[in-house]
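Given next are the chains, with one letter for each unit.
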Amino acid sequence: MKHSIHTIWSLLILGVCQLATVGCNEKISVDEIIQGDPVIEAFAPASGKPGTEIRLTGEYFRDVLSATLGGVEVDIRYKVSQQEMVLVVPVGAKSGKIVLKTRKLEVESSGSFTVVFPVPEMTEIPAKGELEEEVEIAGTHLDVVTAVYFNDVEASVSYQSEKELVVKVPFVTEDKVDIFLAYFDEAGEKRVGTQGGAFEIVKIRPEISSAMPVQVTEGEIVVLTGTHLHLIEEIVFGETPAVINSQNETVISFRVPTLSETSTVAVQAIYYNGTATLTLSESCEVIIPKVLYYPGVELGAHRTAEGNLLNATTGIVSQVCALREKDNQKLFDMAAVVNNDGSIPGTSKAVFAINGPQNTVGGFRNYWCNGSALTTANTAEGLISEGYGDFLSVTTTFLVLSESDPAQAEIIRLVKNGLLKEISPEATPALFNGTIVTSIATVRMANMSEGVDFQSTSVFNEGHVIAFKNEYKNRIGLMEIQTIHLDRTQEKTYSDQHASLIFDLYYQR
């Protein structure tokens with residue numbers, strides 16, 4: 001076996017050496033292909049409309065890079081061989097000689113090609129069609145059409161041949177329209193079409209099946225049902241637009257906007273690019289209360305997804321990341337946090353607390369933004385140097401109201417019975433004349449040792465009413481605590497991310 005393998009390798013080596021000898025001693029011959037200049041010997045047909053294929057025959061077409069007809073560039077559809085190629089007459093072409101271009105030169109045909117411009121004609125169109133429906137147009141020379149218009153609105157063409165067009169009906173303000181075909185002749189683009197509104201666009205329209213309330217309150221969410229409600233683009237109260245919260249084909253909900261004062265206005269839904277309206281109510285009374293009211297506000301702890309910063313003017317809760325924008329800082333009235341309970345030694349439980357911005361310096365570094373600390377600073381000077389001075393400059397003070405104080409009990413009664421319609425020196429004088437004074441920088445829930453019945457001007461539980469005043473905004477507010485979400489069995493680190501407070505908020509307008 002070893003002898004056989006040795007013999008095979010010897011033969012291979014000998015063959016390689018023989019090839020090498022030939023390579024060194026003999027001259028290799030290579031045929032040189034000579035490429036001449038292109039020559040157009042003939043073309044056919046001699047005339048045609050845009051889209052016509054022109055077949056050229058001749059010589060040396062390999063190096064042709066582009067072609068023109070009457071000075072207008074044409075598409076080279078095929079290079080069949082060195083002797084044959086196919087061009088396509090483009091839209092806008094002009095009669096003239098065919099010119100072929102290579103990198104080095106240009107050659108032209110001896111004869112000229114004549115471009116003809118037939119006028120497209122519609123012989124049959126449907127009488128009507130729904131918006132976005134595809135309709136068929138029959139006729140002659142439709143393959144030269146460059147665009148289709150319904151009045152002056154261009155339609156999408158999905159199919160085109162010499163005798164047929166399929167187009168999608170576009171939105172046009174008018175219901176009765178004419179159809180126009182665009183094409184080119186020697187002078188440029190032309191249009192030909194119908195007259196007298198020959199085509200009707202059938203438009204579906206939104207319809208309301210539920211009644212618009214005759215009286216609504218600023219900020220109230222209105223829900224209406226019906227059909228084709230997804231077409232509605234805007235809802236206006238008089239001339240004031242409402243915010244649409246959600247909508248689909250059968251349901252739409254929107255928030256009643258703020259008007260300058262309590263007014264009776266028409267309410268209309270606008271659709272079809274602002275060209276059509278549906279009257280929801282000819283006479284709707286919009287009540288503008290003299291107090292801002294936001295039910296069910298949820299304020300989370302300093303590491304929760306809900307956010308721990310409250311703008312009482314809007315009732316909107318934000319995460320601490322919002323403090324990185326300087327323009328936001330003075331918008332917030334308060335900040336929530338979870339503190340150590342501390343009432344039972346040897347445990348690490350939590351209590352929910354609410355601070356005025358001026359009282360957040362010590363816990364600021366515990367605020368998280370996108371999973372990490374907002375800052376490591378823990379002094380006012382450090383926080384101010386990092387750009388948080390505007391937030392710290394806002395002073396908000398609190399007072400947990402007590403049933404045992406007659407003036408405070410009256411405010412509690414108004415809140416709990418839904419009778420608080422205004423916060424002002426005239427409607428709630430005790431909040432303004434010094435009878436009820438908010439002077440506490442932080443309020444908290446009762447700790448584990450105090451229990452739910454504990455009473456203090458700085459301690460709250462579910463059902464309590466808290467008064468607060470923002471000195472920067474010079475506004476007074478009230479919070480009725482509904483629910484405290486804090487699991488007493490969990491450690492503080494859990495509560496940092498899961499605790500929250502739900503309350504009804506009233507704020508001075």
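Predicted model only: the values in this text are computed from it and were never measured.

## Remarks on the overall build of the chain
Here's step 1: Helices and strands together make up the secondary structure of the chain, namely 5 helices and 41 strands.
Here's step 2: Here the C-alpha radius of gyration of the chain, 41 Å, is well above what a compact globule of 509 residues would show, namely 23 Å.
Here's step 3: Summarising its shape, the C-alpha atoms of the chain cover approximately 115 × 95 × 50 Å along the three principal directions.
Here's step 4: When burial is assessed residue by residue, the chain has 41% of its 509 residues classed as buried.
Here's step 5: Each charge class in the chain was averaged separately, 38 positive and 65 negative side chains, and the resulting centres sit 6 Å apart.

## A look at the state of the cysteines
Here's step 1: Counted under the stated rule, the structure contains 1 disulfide.
Here's step 2: Across the disulfide from Cys321 sits Cys369; the S-S distance is 2.0 Å. A torsion of 115 degrees about the S-S bond marks the disulfide between Cys321 and Cys369 as right-handed. With Cys321 in the loop between β31 (316–318) and β32 (334–340) and Cys369 in strand β34 (residues 368–369), this pair connects stretches of sequence that are 48 residues apart.
Here's step 3: Given a relative accessible area of 22%, Cys321 falls into the partly exposed group.
Here's step 4: The exposure class of Cys369 is buried, given its relative accessible area of 2%.

## What to know about unusual backbone geometry
Here's step 1: Here Ala44 and Pro45 are connected by a cis peptide whose omega angle stands at 0 degrees.
Here's step 2: Structurally, Pro45 can be placed in the loop between β1 (39–44) and β2 (47–48).
Here's step 3: Look at Tyr60: it is not a glycine, yet its phi comes out positive at around 55 degrees.
Here's step 4: Of note, Tyr60 is situated in the loop between β3 (53–59) and β4 (66–69).
Here's step 5: Residue Tyr60 is classed as partly exposed on the basis of its relative accessible area of 31%.

## With respect to the nonpolar core
Here's step 1: Counting 48 residues, the largest nonpolar core has Phe352, Ile354, Leu401, Phe460, Leu478, Phe503 and Leu505 as the members making the most contacts within it.
Here's step 2: Ranked by size, the runner-up nonpolar core spans 20 residues in total, among them Val216, Ile235, Leu259 and Ile288.

## Quick notes on the sheet that holds strand β16 (residues 176–177)
Here's step 1: Taken in spatial order, the 3 strands make up an open sheet running β10-β19-β16, and their pairing is mixed. Bordering the open sheet on either side are β10 (128–130) and β16, each of which pairs with just one other strand.
Here's step 2: Sheet analysis places β10 next to strand β19 (residues 199–202), joined by 3 bridges and oriented parallel. Bridge pairing in β19 places Gly129 opposite Ile201.

## Observations regarding the sheet that holds strand β13 (residues 153–154)
The pairing of strands in a sheet comes from backbone hydrogen bonds and takes either a parallel or an antiparallel form.
Here's step 1: The sheet built from 4 strands is open, its strands ordered β13-β12-β17-β18 with antiparallel pairing. One side of each edge strand has no neighbouring strand; the edge strands of this open sheet are β13 and β18 (188–193).
Here's step 2: Pairing geometry for strand β17 (residues 179–185) and β18, over 6 bridges, is antiparallel. Within β18, the position partnered with Phe180 by the bridge is Gly193.

## A closer look at the pattern of salt bridges
Here's step 1: Per the counting criterion, the structure on display carries 17 salt bridges.
Here's step 2: Across the pair Asp175 and Lys203 runs a salt bridge, and its minimum N-O distance is 3.1 Å. Placement of the pair is Asp175 in the loop between β15 (164–168) and β16 and Lys203 in the loop between β19 and β20 (207–208), with a sequence separation of 28 residues.
Here's step 3: A network of salt bridges, in which partner residues are shared, links Lys49, Asp143 and Glu162.

## So, helix α4 (residues 406–416)
Here's step 1: Listed as buried for α4 are Gln408, Ala409, Ile411, Ile412, Leu414 and Val415.
Here's step 2: Turning to α4, the residues buried within the fold contact β36 (396–400), β39 (465–470), β40 (475–485) and β41 (500–508).
Here's step 3: Backbone nitrogen of Ala407 and a side-chain oxygen of the N-cap are separated by 3.1 Å at the start of α4; the cap is Asp405.

## Side note on the packing of aromatic side chains
Here's step 1: Counted by the stated rule, this structure contains 11 aromatic pairs.
Here's step 2: Considering the side-chain rings of Phe43 and Phe113, the 6.5 Å spacing of their centres and the 55 degrees angle between planes classify their relative orientation as tilted. Of this pair, Phe43 sits in strand β1 while Phe113 sits in strand β8 (residues 106–115); the two residues are 70 residues apart in sequence, bridging distant segments of the chain. Of the two residues, Phe43 and Phe113, neither departs from the other in class, the shared state being buried.
Here's step 3: Each ring, one from Phe468 and one from Tyr507, has its centre 5.9 Å from the other, and the planes form 20 degrees; the classification is stacked. Here Tyr507 lies in strand β41 and Phe468 lies in strand β39, a separation of 39 residues in the sequence. The burial state of Phe468 is the same as that of Tyr507; both residues are buried.

## Observations regarding the pairing of β41
Here's step 1: Buried residues dominate β41, accounting for 8 of its 9 residues.
Here's step 2: The pairing of strand β29 (residues 291–300) with β41 spans 8 bridges and is antiparallel. Paired with Glu298 across the bridge in β41 is Ile502.
Here's step 3: Summarising the sheet, β40 and β41 pair through 8 bridges and their orientation is antiparallel. Paired with Leu478 across the two strands is Tyr506, which belongs to β41.

Rules of the game
- Residue numbers restart at each chain and count upward from 1, following the sequence in its written direction.
- For this predicted model, a pLDDT threshold of at least 70 governs which residues receive local features, and a threshold of 80 or more governs which side-chain atom pairs are given and counted, while totals over whole chains, interfaces and linings are taken from all residues.
- The side-chain numbers reported here are obtained from all heavy atoms of the structure, hydrogens and water having been left aside.
- Helix and strand definitions here come from DSSP, where helices need a minimum of 4 consecutive H or I residues and strands a minimum of 2 consecutive E residues; each element is numbered from the N-terminal end.
- Two things to know: the radius of gyration comes from C-alpha atoms, and the globule rule equals 2.2 Å times the number of residues to the power 0.38.
- Here the term buried applies to any residue with accessible area under 20% of the maximum for its type, exposed to any over 50%, and partly exposed to those in between, with areas from a 1.4 Å probe on protein chains only.
- Here Asp and Glu are counted as negative and Lys and Arg as positive; His is not counted, and neither are the chain ends.
- By convention, the charge on Lys lies at NZ, on Arg at CZ, on Asp at CG and on Glu at CD.
- Two cysteine sulfur atoms make up a disulfide if the distance between them is within 2.5 Å.
- The criterion is simple. A nonpolar core is a set of buried Ala, Val, Leu, Ile, Met, Phe, Trp, Tyr and Cys residues joined through side-chain atoms within 4.5 Å.
- Think of it this way: DSSP has to see at least two bridges between two strands before they count as a pair.
- Between Lys or Arg on one side and Asp or Glu on the other, a salt bridge is scored when a side-chain nitrogen of the former is within 4 Å of a carboxyl oxygen of the latter.
- By definition, residues are in contact when any of their heavy atoms lie within 4.5 Å.
- N or O atoms within 3.5 Å of each other form a polar contact, as long as, within protein, one can give a hydrogen and the other can take it, and as long as residues adjacent in sequence are counted only when both atoms are side-chain atoms.
- When two rings of Phe, Tyr or Trp (its six-membered ring) have centres within 6.5 Å they constitute a pair, described as stacked for plane angles under 30 degrees, edge-to-face for angles over 60, and tilted for the intermediate range.

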